[in-house]
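# Remarks on the overall topology
Next come the chains, spelled out residue by residue.
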Amino acid sequence: MKRSTKRRLRQGGLYAVLAAIVVLLALAVDWANVRANFWADGLGSNWHDLIVTGVKNTAIYTIIAFALGLALALLLALMKLSDVVAYRWIATAYIELFRGLPALITILFMAFAVPIAFQWRPPGGTAGAGVVGLVLVAGAYMAETLRAGLQAVPKGQAEAARSLGMGPAHTLIHIIIPQAFRIIIPPLTNEFVLLIKDTSLLSIVGAAVGQRELTNVTRDFLSSGDTAGTATSLMQAALLYLIITLPLTRLVAWLEKRQQRAR
Amino acid sequence: MTTAAIHVSDLHKSFGKNEVLKGIDFHVDPGQVVCVIGPSGSGKSTLLRCVNRLEEPSSGQILVEGIDITDPETDLDDVRTRIGMVFQQFNLFPHMTVLQNLCIAQRTVKRRSKKQAIEIARANLEKVGLAEKESAYPAHLSGGQQQRVAIARALSMDPDMMLFDEPTSALDPELVGDVLEIMKQLAAEGMTMMVVTHEMGFAREVGDKLVFMDGGVIVEEGDPRVVLADPKHERTKAFLAKVL
Ligand SMILES: Nc1ncnc2c1ncn2[C@@H]1O[C@H](COP(=O)(O)OP(=O)(O)OP(=O)(O)O)[C@@H](O)[C@H]1O
Ligand SMILES: [Mg+2]
């Protein structure tokens with residue numbers, strides 16, 4: 001037998017096994033039951049609240065947490081690259097602390113412990129407090145990304161700017177930071193996707209009806225409304241998350257490929 | 001007596017335990033073109049970079065137009081606007097167009113109006129023969145064009161003197177001529193220049209003084225025509241025998 005014939009036979013065998021497993025699973029599953037649980041009402045209900053309240057708030061919380069987290073991350077990254085030892089220390093300690101803790105613990109701290117201990121309530125109620133928790137965590141993760149980006153800008157760039165008489169602040173703002181951001185757009189987009197998914201942790205701390213993000217709204221529909229008692233709203237939420245995150249992760253892959261080609 | 005443009009005395013520079021400059025004394029007069037030659041690792045770049053304090057001297061004194069730049073009280077950014085620098089690797093800002101490259105320091109440091117900055121930038125681009133490239137990005141220019149833009153960028157700050165660190169070493173041979181031509185023109189206009197170079201032809205034709213460095217010291221200096229034709233020291237002879 002020729003080698004190519006052998007390979008085709010082996011591949012054919014593997015496909016046959018796969019097909020058999022799929023058929024067996026399809027026969028073993030009680031489809032009516034699955035349908036009743038996952039696709040009640042043919043996925044027709046709930047969309048309005050899931051999107052108008054859930055997706056909207058998820059988007060708002062993600063964008064706020066990303067913007068504030070990025071500002072915090074820039075501060076931390078600059079502190080980490082500072083000549084002042086104390087700044088480097090503080091930044092390192094901060095980053096290690098918030099990357100070492102589960103995000104959920106930080107969110108719970110901000111929502112319940114900090115308001116009582118410090119008599120301070122972040123704006124926006126528990127939802128706002130949870131977002132502050134997300135900012136603290138996102139800042140720690142993005143700080144490392146930003147530091148790497150700032151260090152990836154060739155030394156000659158700062159030297160050229162300084163030799164023209166530009167001071168350290170102008171050099172940073174006009175020359176170094178714009179180039180660093182270009183380098184880290186793919187990893188930053190990744191952080192953005194992670195943040196979208198992490199907003200679902202906010203559903204733990206509870207929020208006023210109009211302030212609930214997608215996972216929280218979804219949980220409401222598990223116990224109330226036309227599809228109560230079924231997992232239909234979970235299916236819907238899963239679809240909505242994927243519709244948002246999949247294009248973004250594809251975008252990251254494309255950006256990374258383009259950057260590699262540009263090298 | 002006029003003040004020297006650059007006056008270096010007993011300059012030492014170490015990187016850790018490695019002493020790279022071991023007591024340098026020399027000066028550049030206003031309008032003079034001084035060329036610095038020497039083998040790789042002899043400290044030429046380090047010396048040049050000390051003159052605008054991209055490197056911090058370990059000891060010694062550097063006066064730029066009479067101002068002590070090793071004095072911690074000196075406003076370095078102000079001194080640097082009077083010293084243009086051109087690098088071997090061009091170091092253009094890749095995220096900016098040619099025109100933006102020429103305007104950014106004018107705007108942020110000299111606080112010139114946008115209109116005035118653009119006017120000055122265009123005049124300098126004209127001078128280096130790249131007027132039509134003002135909206136191109138550096139990546140779309142040849143090495144020779146990038147280096148000419150870098151020269152125009154330095155000139156846009158109206159410097160009193162220019163430092164060149166092997167400005168043609170990274171260029172394809174056929175592009176070297178254009179850059180040297182612009183440097184000649186600058187010299188003819190009376191610009192004070194300090195040029196680290198391997199272009200002996202340029203040193204002979206344009207230089208007022210030639211400095212030969214080896215092992216962190218100045219071994220020999222003088223009229224380029226004399227030094228190149230009749231070197232006094234063995235090390236100079238050996239080096240010139242290799243490169244000429
Ligand atoms: N930032 C630095 N840190 C440590 N050592 C350095 C640094 N810059 C230069 N050196 C060392 O100083 C010595 C002189 O370097 P320099 O770049 O001044 O030489 P050069 O004469 O310009 O050589 P070339 O012709 O190769 O450019 C070299 O041994 C180099 O390794
Ligand atoms: Mg050098």
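Residues numbered from 1 in each chain as written. Chains lettered and ligands numbered in written order. Predicted model: local features only at pLDDT ≥ 70, side-chain atom pairs only at ≥ 80, totals over all residues. Heavy atoms only, no water.

The name recorded for chain B in an unreviewed UniProt entry is ABC-type polar-amino-acid transporter, from Nocardioides terrae. In its Subcellular location (unreviewed entry) section, the UniProt entry covering chain B states "Cell membrane". Note on chain B: under the UniProt heading Catalytic activity (unreviewed entry), the record states "a polar amino acid(out) + ATP + H2O = a polar amino acid(in) + ADP + phosphate + H(+)". (UniProt positions renumbered as here; feature names shortened; annotations may be inferred.)

Chain A has the name Amino acid ABC transporter membrane protein, PAAT family (TC 3.A.1.3.-) in an unreviewed UniProt entry, where Nocardioides terrae is given as its organism. According to the UniProt record, the Sequence similarities (unreviewed entry) comment for chain A reads "Belongs to the binding-protein-dependent transport system permease family. HisMQ subfamily."

### Section: the overall build of chain A
Across its full length, chain A holds ten helices and zero strands. Starting at the N terminus and ending at the C terminus, chain A contains elements arranged as α-α-α-α-α-α-α-α-α-α. The C-alpha radius of gyration computed for chain A amounts to 25 Å, which surpasses the reference 18 Å derived for 263 residues by more than 25%, pointing to a less compact arrangement than a globule. Expressed along its principal axes, the backbone C-alpha trace of chain A runs to roughly 75 × 70 × 30 Å. When burial is assessed residue by residue, chain A has 39% of its 263 residues classed as buried. Of the contacts formed within chain A by residues at least 6 apart in sequence, a portion of 74% connects residues at least 24 apart. Looking at chain A as shown, the accessible area adds up to about 14,900 Å², and 68% of this sits on carbon and sulfur atoms. (Helix = DSSP H or I, 4+ residues; strand = E, 2+ residues; numbered from the N terminus. Rg over C-alpha atoms; globule rule 2.2 N^0.38 Å. Buried < 20%, exposed > 50% of the residue type's maximum accessible area, 1.4 Å probe, protein only. Contact = heavy atoms within 4.5 Å. Areas by Shrake-Rupley, 256 points an atom, 1.4 Å probe, with all protein chains shown as cover.)

### Some thoughts on the UniProt feature "transmembrane region" (unreviewed entry) in chain A
All names here are of chain A. Following the UniProt record, one finds the feature "transmembrane region" (unreviewed entry) at residues 12–29, 59–79, 100–118, 124–143, 164–185 and 234–255. For residues 12–29, the end-to-end C-alpha separation is 26 Å, with 94% helix and 0% strand making up the annotated structure. The span residues 234–255 carries 100% helix and 0% strand; its end-to-end C-alpha distance comes to 31 Å.

### Section: unusual backbone geometry
Residues and elements named next belong to chain B. In the Ramachandran plot, Arg53 falls in the positive-phi region, its phi being about 60° despite a non-glycine side chain. With respect to the helices and strands, Arg53 occurs in the loop between helix H1 (44–51) and strand S4 (59–64). Phi at Glu166 takes a positive value of approximately 45°, unusual for a residue other than glycine. Relative to the helices and strands, Glu166 resides in the loop between strand S7 (161–165) and helix H6 (173–188). Of the residues examined, Glu166 reaches a relative accessible area of 12% and is grouped as buried.

### Points about the side chain of Arg148 of chain B
Residues and elements named next belong to chain B. Here Arg148 shows up in helix H5 (residues 143–155). When its relative accessible area of 13% is taken as the criterion, Arg148 is described as buried. Those residues in contact with Arg148 that sit more than four places away from it in its chain are Val128, Gly129, Leu130, Asp178, Val179 and Ile182.

### Focus on the sheet that holds S7 of chain B
Residues and elements named next belong to chain B. With mixed pairing, six strands are arranged side by side in an open sheet as S6-S7-S8-S3-S9-S10. Looking at which strands have only one partner, the edges of the open sheet turn out to be strand S6 (83–86) and strand S10 (217–222). With strand direction ignored, the average angle separating the axes of adjacent strands in the sheet is 15°. On top of the sheet, H5 reaches S6 and S7; it is set at about 170° to S6, its chief contact. Across the sheet, H6 is in contact with strand S3 (33–37), S7 and strand S8 (192–196); its angle to S8 comes to roughly 145°. (Pairing = 2+ DSSP bridges. Axes fitted to C-alpha atoms, helices over the stretch in contact; angles between N-to-C directions.)

### Considerations on the packing of aromatic side chains
Overall, the coordinates contain three aromatic pairs over all chains when judged by the stated rule. Between Phe66 of chain A and Phe192 of chain A, the aromatic rings sit 5.0 Å apart at their centres with planes inclined by 90°, giving edge-to-face as the arrangement. Pair noted here: Phe66 of chain A is in helix H3 (residues 47–80) and Phe192 of chain A is in helix H8 (residues 168–198), with a separation of 126 residues, a long-range link. Taking the relative accessible area as the measure of exposure, Phe192 of chain A reaches 22% and is therefore partly exposed. The interplanar angle of 35° and the centroid separation of 5.2 Å between the aromatic rings of Phe212 of chain B and Phe239 of chain B together place this pair among those described as tilted. Taken together, the positions of Phe212 of chain B in strand S9 (residues 209–214) and Phe239 of chain B in helix H9 (residues 234–243) put the pair 27 residues apart, joining distant regions of the chain. (Phe/Tyr/Trp six-rings, centres within 6.5 Å; stacked < 30°, edge-to-face > 60°.)

### Focus on the sheet that holds S4 of chain B
Residue and element names in this part refer to chain B. Pairing is antiparallel in the open sheet, where four strands are placed in the order S2-S1-S4-S5. With one partner strand each, in any of the chains shown, strand S2 (18–28) and strand S5 (67–68) form the two edges of the open sheet. The pairing of strand S1 (residues 6–15) with S4 spans five bridges and is classified as antiparallel. Counted as the bridge partner of Ile6 is Val64 from S4. Each of S1, S2 and S4 touches H1; the most contacted strand, S2, lies at about 60° to it.

### Section: the confidence of the model for chain B
Chain-level statistics for chain B give a pLDDT mean of 95 and a share of 100% at 70 or above. No element of chain B has a lower mean pLDDT than H9 of chain B, which averages 92, and none a higher one than S6 of chain B, which averages 98. (pLDDT = per-residue confidence, 0-100.)

### What to know about the UniProt feature "domain: ABC transmembrane type-1" (unreviewed entry) in chain A
When the UniProt feature table is mapped to this numbering, "domain: ABC transmembrane type-1" (unreviewed entry) covers residues 55–252 of chain A. Helix makes up 79% of residues 55–252 of chain A and strand 0%. Its end C-alpha atoms lie 22 Å apart.

### Points about the interface of chain B and chain A
By a widespread convention, an interface's size corresponds to the accessible area lost as its parts come together. Facing the 23 residues of chain B at the interface are 18 residues of chain A. Counting each side, the surface lost to burial between chain B and chain A is near 1,700 Å², with a carbon and sulfur contribution of 62%. Taken together, the links from chain B to chain A amount to two salt bridges. Its salt-bridge partner being Arg162 of chain A, residue Asp77 of chain B comes within 3.5 Å of it at the nearest N-O pair. Taken together, the connections running from chain B to chain A amount to four residue pairs in polar contact (both at pLDDT 80 or more). Looking at the side of chain B that touches chain A residue by residue, the class counts come to 13 nonpolar, five polar and five charged. (Buried area = accessible area lost by both parts, 1.4 Å probe. Salt bridge = Lys/Arg side-chain N within 4 Å of Asp/Glu carboxyl O. Polar contact = N/O pair within 3.5 Å; in protein donor to acceptor, adjacent residues only side chain to side chain. Nonpolar A, V, L, I, M, F, W, Y, C, P; charged D, E, K, R; others polar.)

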